[in-house]
Amino acid sequence: QLVESGGGLVQPGGSLRLSCAASGGTLDYYAIGWFRQAPGKEREGVSCIHSSDGSTYYADSVKGRFTISRDNAKNTAYLQMNSLKAEDTAVYSCTAYRGRANVNSMCTYILRDYWGQGTQVTVSS
């Protein structure tokens, strides 16, 4: 089971750190992805990180502003979001994927074995 936390209301230019915690199993062998869906829009792959080699993917819209990381000892992954914009407003969900595809494919095609329920991020003044 994946559980996200850390969402909330923040002003434009602000920061949030989302967490994705796993219970009942280990994330060690899973790539982790963060996806978001805004009202009326398709789900978008925001960022993904490989299980072991450190490779990452970022959507063009968040490059230079968001950072994905993981702490396998804590069985948790993170998404640090800086310089937030109104267009970042969405429900953010984390996923875990143990297949052979690389992180680019994982994020592009929304590959996953497990989903979290999501956390709302609202960027507004």
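Heads up: the structure comes first, above all this text.
Let me begin by describing the structure that accompanies this report. (Residues numbered from 1 in each chain as written. Predicted model: local features only at pLDDT ≥ 70, side-chain atom pairs only at ≥ 80, totals over all residues. Heavy atoms only, no water.)

## Quick look at the environment of Ile 32
Within the secondary structure layout, Ile 32 lies in strand β4 (residues 31–37). Separated by 74 residues in the primary sequence, Ile 32 and Met 106 place their C-alpha atoms 8.9 Å from one another. If near-sequence neighbours (up to four positions away) are discounted, Ile 32 is found in contact with Leu 27, Ser 47, Cys 48, Ile 49, Ile 68, Arg 70, Ala 77, Thr 95, Ala 96 and Met 106. (Helix = DSSP H or I, 4+ residues; strand = E, 2+ residues; numbered from the N terminus. Contact = heavy atoms within 4.5 Å.)

## Some words on the packing of aromatic side chains
In total, this model carries 2 aromatic pairs according to the counting rule given. Between Tyr 30 and Tyr 114 the ring centres are 5.9 Å apart and the planes differ by 65°, which places this aromatic pair in the edge-to-face class. Residue Tyr 30 is located in the loop between β3 (16–22) and β4, and its partner Tyr 114 is located in strand β10 (residues 114–115); the two are separated by 84 residues in the primary sequence. Under the relative-accessibility criterion, Tyr 30 is labelled buried at 13%. (Phe/Tyr/Trp six-rings, centres within 6.5 Å; stacked < 30°, edge-to-face > 60°. Buried < 20%, exposed > 50% of the residue type's maximum accessible area, 1.4 Å probe, protein only.)

## Describing the pattern of salt bridges
One pass over the full model with this rule turns up 4 salt bridges. Here Asp 60 ties to Lys 63 by a salt bridge, and the two come within 3.2 Å at their closest N and O atoms. Between Arg 65 and Asp 88 there is a salt bridge; the shortest N-O distance is 2.7 Å. Taken together, the positions of Arg 65 in the loop between β6 (56–58) and β7 (66–71) and Asp 88 in the loop between β8 (76–81) and β9 (90–97) put the pair 23 residues apart, joining distant regions of the chain. For the pair shown, Arg 65 and Asp 88 are each scored as buried. Within this structure, Arg 36, Glu 44, Arg 65 and Asp 88 form a network of salt bridges that share partners. (Salt bridge = Lys/Arg side-chain N within 4 Å of Asp/Glu carboxyl O.)

## A few points about the sheet that holds β7
Reading across the sheet, the 4 strands line up as β1-β3-β8-β7 and stay open at both edges, with antiparallel pairing between neighbours. Strands with a single pairing partner mark the edges of an open sheet, and in this sheet they are β1 (2–5) and β7. Recorded for the sheet is a direction-independent mean angle of 15° between the axes of neighbouring strands. The sheet contact formed by β1 and β3 spans 4 bridges and is antiparallel. The residue of β3 that forms the bridge with Leu 2 is Ala 22. (Pairing = 2+ DSSP bridges. Axes fitted to C-alpha atoms, helices over the stretch in contact; angles between N-to-C directions.)

## As for the state of the cysteines
Tallied over the full model, the rule gives 2 disulfides. The partner cysteine of Cys 20 in its disulfide is Cys 94, sulfur to sulfur 2.1 Å. Measuring handedness by torsion sign, the sulfur bridge of Cys 20 and Cys 94 sits at about 70° and is right-handed. On the criterion of sequence distance, the pair formed by Cys 20 in strand β3 and Cys 94 in strand β9 is long-range, its members being 74 residues apart. Note on accessibility: Cys 20 and Cys 94 belong to one class, buried. A sulfur-sulfur separation of 2.1 Å characterises the disulfide bridge that pairs Cys 48 with Cys 107. (Disulfide = S-S within 2.5 Å.)

## Quick look at the pairing of strand β5 (residues 44–49)
With respect to burial, β5 is a largely interior element, 5 of its 6 residues being buried. Where β4 and β5 come together, 5 bridges link them in antiparallel fashion. What sits directly across from Gly 33, in β5, is Cys 48. Between the end of β4 and the start of β5, which pair antiparallel, lie 6 residues, with Gly 40 showing a positive phi angle near 80°. Sheet topology places β5 next to β6; 3 bridges connect them, and they run antiparallel. Note on β6: the bridge partner recorded for Ile 49 is Thr 56. The antiparallel pairing of β5 with β6 creates a hairpin that spans 6 residues between the two strands, and Gly 54 there sits at a positive phi of about 80°.

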